[in-house]
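Here is how the chains run, residue by residue.
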Amino acid sequence: SRALEVAALAGRPLSELLRAGRPAALDLPVAVLERPPAELRERIAARAAAMLDAGLLEEIRGLIAAGVPPEAPAFRSVGYREFLPHLLRGEPLEACRARFLQATWLYARRQQTWLRGRVPGHHVVRAEAGETVDRLAARVGEALRDPRPA
């Protein structure tokens, strides 16, 4: 059914589109923002706390109550999988929170690694602790105007 949907939308069979290969990448400047590791960890901790305060556990409880099985793909995402042991087996909340912070940190690191490997010629702009958004935006603009990535 996916092939029929693609053919209807593209006006060509999926097999023809696959044979044509991927379109050429656009030659656009790319800036990758990086934060100092200590600041990134602080921001992750603050975001995790905000998610819990906003009802993350209640959201997961609601999914369980609605009959979503614990092995469902949704529960493999960061945030859900770390708190399932607390909700299903009574594991200490603090241990789950620590796993949540660690998993989020590892996810952020994987994103950085992915960008380095997949976006050749990108400009790295390292945010400075406490830097304003306006100043950071100005530095990104400067980096993108420079034809040579750092």
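As a starting point, this report considers the structure included with it. Quick caveat, the model's predicted, so the values are computed rather than measured.

Here is what the cut-offs are and how they apply
- Along each chain, residue indices are assigned from 1 in the same order as the chain's sequence is written.
- Confidence filtering applies because this is a predicted model: local features only for residues at pLDDT of at least 70, side-chain atom pairs given and counted only at 80 or more, and all residues used for totals across whole chains, interfaces and linings.
- Side-chain calculation: all heavy atoms of the structure are included, whereas hydrogens and water are not.
- We define a salt bridge as a side-chain nitrogen of Lys or Arg found within 4 Å of a carboxyl oxygen belonging to Asp or Glu.
- Buried, partly exposed and exposed residues are distinguished by accessible area as a fraction of the type maximum, computed with a 1.4 Å probe on protein chains only: under 20%, between the cut-offs, and over 50%, respectively.
- A run of H or I in DSSP becomes a helix once it reaches four residues, and a run of E becomes a strand once it reaches two; helices and strands are each numbered from the N terminus.
- In what follows, residue pairs with any heavy atoms lying within 4.5 Å of each other are defined as contacts.

## Some points on the pattern of salt bridges
Any two side chains of opposite charge can pair, so long as their charged atoms come close to each other. Applying the stated criterion across every chain yields a total of ten salt bridges. A salt bridge links E91 to R89; the nearest nitrogen and oxygen atoms lie 3.6 Å apart. With a relative accessible area of 59%, R89 lands in the exposed category. Residue E91 is joined to R99 by a salt bridge in which the shortest nitrogen-to-oxygen separation is 2.9 Å. Its relative accessible area of 25% is what places E91 among the partly exposed residues. For R99, a relative accessible area of 35% gives the class partly exposed. Three or more residues joined by partner-sharing salt bridges are found here, namely R89, E91 and R99.

## Some points on the environment of P70
Secondary-structure assignment places P70 in the loop between helix 4 (56–65) and helix 5 (80–89). Each C-alpha atom, one on P70 and one on P85, is 9.8 Å from the other, the two residues being 15 residues apart in sequence. For P70, the contacting residues outside a window of four places in its chain are F75, L84 and L88.

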